[in-house]
Amino acid sequence: MTTHIYENLPEMHPSGTKSSARHLASGGYTSDMKKSHADTVTVQTWDLMLFRPGLAAGTDPDRRSLAGGIAGITFDSDITNCSVENSSLKGEKTLVANNACVGGITGYSVHGIFQNCASANNKIISQTYAGGIVGEIDDSISNNEGGSAFTNCYVAEGNISAFADDVQDYSIAGGFIGQVTADNPTLENCYVYDTLTSITDTKAYFKYTGVIVGNRYTNLPNYEAKITTNTCYYGECTVDADN
């Protein structure tokens, strides 16, 4: 099997960047994956800063900056035997209505299937959702049954933080997943080790952080996102939520 290794990629010159009317996506291997497969890809020593400019008044506010070490967005796709190491990923925006989703492997997952993936010694910064593996999961827009799934994946020696300049914004950082919007992703034999998750530099009123998941979307009594774990653990981790 061929191993694709991408080393020392230049700053602000990702391997794949794609802009659409709704999203700006960038990844070390590809900008977006839709019903496709990535196998045995290693990204090393990459520095990315993805910026989403503001929107004109009256335009669709549901737009995202999606940055990931492998793919900006993973939609009904598989990522197997992939790793991102010694890299820096950052996503910014200008409007509170937009979202920035940054993850060590993918920024945004819609029914993504991840096996044997690693995020090691990476610095991940987002203006909304930051996660060691994935920034945000929202499986509600996929027609496939089930949700995003992670098997034998890990985060080690990570530095993951979320910030915002507006009190009305969101800042959510998770060691493995930043935000679970929908519905119930599964983690099996996964772990987070020696990783810092922080929201200390935010002005946002809505701010959450956690070792495995930063936040699960809740709209009680109607809805609460869930997460299912099996044989998962963490160690030597720090959660910094002081502000």
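The structure displayed is predicted, hence computed values, not measured ones.

J.: Pulling in residues and values, what's your account of the state of the cysteines?
T.: A disulfide bridge is the covalent bond that connects two cysteines by way of their sulfur atoms. Applying the stated criterion to the full structure yields 0 disulfides. Free of any disulfide, Cys117 has its nearest cysteine sulfur in Cys153, 4.6 Å distant. Here Cys190 is not cross-linked by a disulfide; its sulfur's nearest cysteine counterpart is in Cys232, at 4.8 Å.

J.: With reference to specific residues and values, describe the packing of aromatic side chains.
T.: On inspection of all chains with the given rule, the structure shows 7 aromatic pairs. Residues Tyr191 and Tyr233 carry aromatic rings whose centres are separated by 5.1 Å and whose planes lie at 10° to one another, so their mutual orientation is stacked. Here Tyr233 lies in strand β33 (residues 233-235) and Tyr191 lies in strand β26 (residues 191-193), a separation of 42 residues in the sequence. Seen in terms of ring centroids, Tyr205 and Phe206 are 5.1 Å apart; in terms of plane orientation they differ by 90°. Their pairing is edge-to-face.

J.: Which residues make up the nonpolar core, and what are the values?
T.: Counting 38 residues, the largest nonpolar core has Ile70, Ile79, Ile105, Phe150, Phe176 and Ile177 as its most contacted members. Elements represented by at least two residues in this core include exactly β6 (41-44), β19 (134-138), β22 (159-162) and β24 (177-182). Counting 9 residues, the second-largest nonpolar core is a separate cluster that includes Leu66, Tyr108, Tyr129 and Ile172.

J.: Got a sec to walk through the side chain of Ser171? Specific residues and values, please.
T.: Structurally, Ser171 is set in strand β23 (residues 170-174). Ignoring anything within four residues of it in the chain, the contact list for Ser171 reads Thr128, Ala162, Phe163, Ala164, Ile199, Thr202, Ala204, Phe206, Lys207 and Tyr208.

J.: An account of the pattern of salt bridges is needed here, citing residue identities and associated values.
T.: Per the stated rule, a full pass over the model turns up 3 salt bridges. Residues Asp169 and Lys93 are paired through a salt bridge, measuring 3.0 Å at the closest nitrogen-oxygen approach. Taken together, the residues span a long stretch of sequence, with Asp169 in the loop between β22 and β23 and Lys93 in strand β12 (residues 88-93) at a distance of 76 residues. No difference in accessibility class separates Asp169 from Lys93, as the two residues are buried. Note that Arg216 and Glu224 form a salt bridge whose closest N and O atoms lie 3.3 Å from each other. Among the residues examined, Arg216 registers a relative accessible area of 31% and is labelled partly exposed.

J.: Run through the pairing of strand β8 (residues 64-68), naming residues and quoting values.
T.: Taken across its 5 residues, β8 has 5 buried, putting it largely inside the fold. The sheet contact formed by β8 and strand β13 (residues 99-103) spans 5 bridges and is parallel. Bridge pairing links Ser65 to Ala100 in β13.

J.: Can you explain the confidence of the model for the chain? Please cite residues and give values.
T.: For the chain, the mean per-residue pLDDT works out to 83, and 81% of the residues sit at or above 70. Low confidence marks residues 1-22, where pLDDT is under 50. Its contacts with residues over four positions away, or in another chain, come to 67 contacts. Scored below 50 in pLDDT, residues 52-61 makes 25 contacts in the model with residues more than four places away or belonging to other chains.

J.: Residue-level account of the sheet that holds strand β5 (residues 37-39), with values.
T.: Each strand in a sheet pairs with its neighbour through backbone hydrogen bonds, running either in the same direction (parallel) or in the opposite one (antiparallel). Pairing is parallel across the open sheet formed by 6 strands, whose spatial order is β5-β10-β15-β20-β25-β32. In the strand order of this sheet, the two ends are held by β5 and β32 (228-230), each with one partner. Recorded for the sheet is a direction-independent mean angle of 5° between the axes of neighbouring strands. Examined bridge by bridge, strand β15 (residues 113-115) and strand β20 (residues 149-151) share 3 bridges and lie parallel to one another. Paired with Phe114 across the two strands is Phe150, which belongs to β20.

J.: Any details on the environment of Thr200? Residues and values, ideally.
T.: Relative to the assigned elements, Thr200 resides in the loop between β27 (196-198) and β28 (206-210). What makes Thr200 partly exposed here is its relative accessible area of 25%. Measuring from C-alpha to C-alpha, the distance between Thr200 and Ala241 comes to 5.7 Å, with 41 residues separating the pair along the chain. Of the polar contacts made by the side chain of Thr200, one reaches the side chain of Ser198; its length is 3.1 Å.

Reading guide: rules and limits
Residues numbered from 1 in each chain as written. Predicted model: local features only at pLDDT ≥ 70, side-chain atom pairs only at ≥ 80, totals over all residues. Heavy atoms only, no water. Disulfide = S-S within 2.5 Å. Phe/Tyr/Trp six-rings, centres within 6.5 Å; stacked < 30°, edge-to-face > 60°. Helix = DSSP H or I, 4+ residues; strand = E, 2+ residues; numbered from the N terminus. Core = buried A, V, L, I, M, F, W, Y, C linked by side-chain atoms within 4.5 Å. Buried < 20%, exposed > 50% of the residue type's maximum accessible area, 1.4 Å probe, protein only. Contact = heavy atoms within 4.5 Å. Salt bridge = Lys/Arg side-chain N within 4 Å of Asp/Glu carboxyl O. Pairing = 2+ DSSP bridges. pLDDT = per-residue confidence, 0-100. Axes fitted to C-alpha atoms, helices over the stretch in contact; angles between N-to-C directions. Polar contact = N/O pair within 3.5 Å; in protein donor to acceptor, adjacent residues only side chain to side chain.

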